[in-house]
Amino acid sequence: QQSLRAAAELPEQENYDGIHRALLSGLLANIAQWQERREYLGSRNRRLQVFPGSAQARRSHKWLVAAEIVETSKVYAREVAAIDPAWALDCNPHLLKRHYSEPHWQVRTGRVMAYERVTLYGLTLVDRRRVHYGPLAAADSREILIREALVAGKYRQPPAFLKHNLSLVREVESLEARTRRRDILVQDQVLFDFYDQRLPADIVTARRLESWLKEQPQPDAGLRMKRELLLARDPGAVEDQVPAHLEWQDVEFRLSYEFETGGDSDGVSVTVPVALLNRAPRYLFDWLVPGLLREKCIALVKGLPKDKRKRLVPVPDYVD
């Protein structure tokens, strides 16, 4: 208490920070955070006020430390001084409690990051500070790396094996769009298991993965997938039913497919270069690829007047 009074009497040019950091190391239980209406939240959820006779009673400090905390008609802090809560982080690290939340993959740095909250006696000193999560939870970080960076393809500069695998996934997704099915590509868990069985337990960052790849006798370390692994079922022969091009005389128009029910691009779209517009007859685009003809016929029949439609039920069987 005498030291705190002496510090308060020193001129401003004296080492305020150094003196109060030294005092703080023995008064960690007496720190408090400003709330409202001259009220502070102290350690262990105590509500207190600065003693009315103090010179600091009329001032509002975001954080303060008190030489003593007494309880009379209210709980009062006596002999107080303003502090920076960051000073308490170095005083006694063993008293701090650290909480981590929202681990996530950061593409830019190639690491798993999380938000850290540091508390002391229930008071939050640091909130939502980003920290590297790999050294804190290696197993969880490795799983996030595999699911986000490798399976989902969120990798800033993908290695050769990942470019190959993602290309295969896009091919199978294209098959799903062309056949209008969602059961051809395997579940993400199959892809996760593939990488999980082949990557060492200490790979938690993109940099470590790239270093490990350089150490392997084979460039891709057996991480290239085969197309058969990605197929949950045999798609069958789709080229004749849903071709990639529409041929007209000596011209080929590129076809693209999208499976998004109700979307503007749902179905099949044809790309016609401007220079070939005069060579493409309108009626050509009223036709449809064989694989989508059945759905078109069902829609046409369902759009008939009721007196005609009721003679064509069940519609799918009639169309077949």
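1. Topic: the sheet that holds strand β9 (residues 245-248)
(1) Moving on: In spatial order, the strands read β9-β10-β11; together these three strands make up an open sheet with antiparallel pairing. A single partner strand is all that each edge strand has here, and the edge strands are β9 and β11 (267-271). Between one strand axis and the next, the sheet turns through 30° on average, direction left out of account.

2. Details of the layout of surface pockets
(1) Moving on: Taken as a whole, the second largest pocket spans an internal volume of roughly 270 Å³.
(2) Moving on: Lining the second largest pocket are 14 residues, and of these Val268, Phe285, Trp287, Leu288 and Val289 sit closest to its centre.
(3) Moving on: Listed by contribution, the elements that provide at least two residues to the lining of the second largest pocket are β9 and β11.
(4) Moving on: Here the residues of the lining of the second largest pocket sort into 10 nonpolar, two polar and two charged.

3. Regarding the environment of Arg170
(1) Moving on: Tracing the backbone through its elements, the reader meets Arg170 in helix α5 (residues 160-179).
(2) Moving on: For the pair Arg170 and His104, spaced 66 residues apart in sequence, the C-alpha separation works out to 24 Å.

4. Overview of the pairing of strand β7 (residues 111-120)
(1) Moving on: With eight of 10 residues buried, β7 is to be regarded as a mostly interior element.
(2) Moving on: Between strand β6 (residues 96-106) and β7, which pair antiparallel one after the other, the connecting turn spans four residues, and Gly110 there sits at a positive phi close to 70°.
(3) Moving on: In terms of strand pairing, β7 meets strand β8 (residues 123-132) through seven bridges, oriented antiparallel. Counterpart to Leu120 in the pairing with β8 is Leu123.

5. Thoughts on the nonpolar core
A general feature of soluble globular proteins is that nonpolar side chains tend to end up buried together.
(1) Moving on: The biggest cluster of nonpolar side chains holds 42 residues, and the ones touching the most others in it are Ile146, Leu150, Phe161, Tyr195, Leu199, Leu209 and Leu230.
(2) Moving on: Of all the elements in the fold, those that place two or more residues in this core are β7, α4 (138-151), α5, α6 (188-196), α7 (206-215) and β10 (251-258).
(3) Moving on: Counting residues per element, this core draws most heavily on α5, at eight residues.
(4) Moving on: Not counting residues within four places of it along the chain, the set of residues in contact with Leu230 comprises Leu168, Val169, Val172, Ile184, Leu185, Val186, Leu191 and Met225.
(5) Moving on: The next biggest cluster of nonpolar side chains, apart from the first, holds 17 residues, and it includes Val65, Ile83, Val118 and Leu125.

6. Some points on helix α2 (residues 16-24)
(1) Moving on: Listing the buried residues of α2 in full gives His20, Leu23 and Leu24. Considered in projection along α2, the buried side chains sweep an arc of 100° and stay on one side of the axis.

7. Details of unusual backbone geometry
(1) Moving on: The amide bond that connects Val313 to the next residue, Pro314, takes the cis arrangement and shows omega of -10°.
(2) Moving on: With respect to the secondary-structure elements, Pro314 resides in the loop between α10 (306-309) and α11 (315-319).
(3) Moving on: Positive phi is not limited to glycine here, since Arg128 has a value of about 55°.
(4) Moving on: For Arg128, the location among the structural elements is in strand β8.
(5) Moving on: A positive phi angle is found at Ala221, which is not glycine, with a value near 50°.
(6) Moving on: By secondary structure assignment, the location of Ala221 is in the loop between α7 and α8 (227-230).

8. A closer look at α5
(1) Moving on: Taking 1.5 Å per residue, 20 residues should reach 28 Å; α5 reaches 29 Å between its end C-alpha atoms and fits that length.
(2) Moving on: Here α5 has its buried residues at Phe161, Leu162, Asn165, Leu166, Leu168, Val169, Val172, Leu175, Glu176, Ala177 and Arg178.
(3) Moving on: Against the buried residues of α5 lie α4, α6, α7, α8, β10 and α9 (290-302).
(4) Moving on: In the stretch just after α5, Arg180 is the one whose phi turns positive, near 55°.

9. Considerations on the side chain of Glu116
(1) Moving on: Residue placement: Glu116 occurs in strand β7.
(2) Moving on: You can call Glu116 buried: its relative accessible area is 4%.
(3) Moving on: Beyond its immediate sequence surroundings of up to four residues, Glu116 is in contact with Arg98, His99, Tyr100, Val126, Asp127, Arg128, Arg129 and Val131.

10. Side note on the pattern of salt bridges
(1) Moving on: Enumeration according to the criterion identifies 18 salt bridges in this entry.
(2) Moving on: Taking the shortest distance from any N to any O, the salt bridge between Asp196 and Arg142 comes out at 2.5 Å. In this pair, Asp196 is assigned in helix α6 and Arg142 in helix α4, connecting sequence segments 54 residues apart.
(3) Moving on: Close ionic contact of Arg182 with Glu176 constitutes a salt bridge, the shortest N to O distance being 3.8 Å.
(4) Moving on: Beyond isolated ion pairs, a larger network of salt bridges with shared partners links Arg98, Glu116 and Arg129.

Analysis parameters
- Residues numbered from 1 in each chain as written.
- Predicted model: local features only at pLDDT ≥ 70, side-chain atom pairs only at ≥ 80, totals over all residues.
- Heavy atoms only, no water.
- Pairing = 2+ DSSP bridges.
- Helix = DSSP H or I, 4+ residues; strand = E, 2+ residues; numbered from the N terminus.
- Axes fitted to C-alpha atoms, helices over the stretch in contact; angles between N-to-C directions.
- 1 Å grid on protein atoms, 1.4 Å probe; cavity = no way out; pocket = protein on both sides within 12 Å on 5 of 7 lines; lining within 4 Å.
- Points joined across faces, edges and corners; volume = space filled by probe spheres on them.
- Nonpolar A, V, L, I, M, F, W, Y, C, P; charged D, E, K, R; others polar.
- Buried < 20%, exposed > 50% of the residue type's maximum accessible area, 1.4 Å probe, protein only.
- Core = buried A, V, L, I, M, F, W, Y, C linked by side-chain atoms within 4.5 Å.
- Contact = heavy atoms within 4.5 Å.
- Arc of directions from axis to C-beta.
- Expected span 1.5 Å × (residues − 1).
- Salt bridge = Lys/Arg side-chain N within 4 Å of Asp/Glu carboxyl O.

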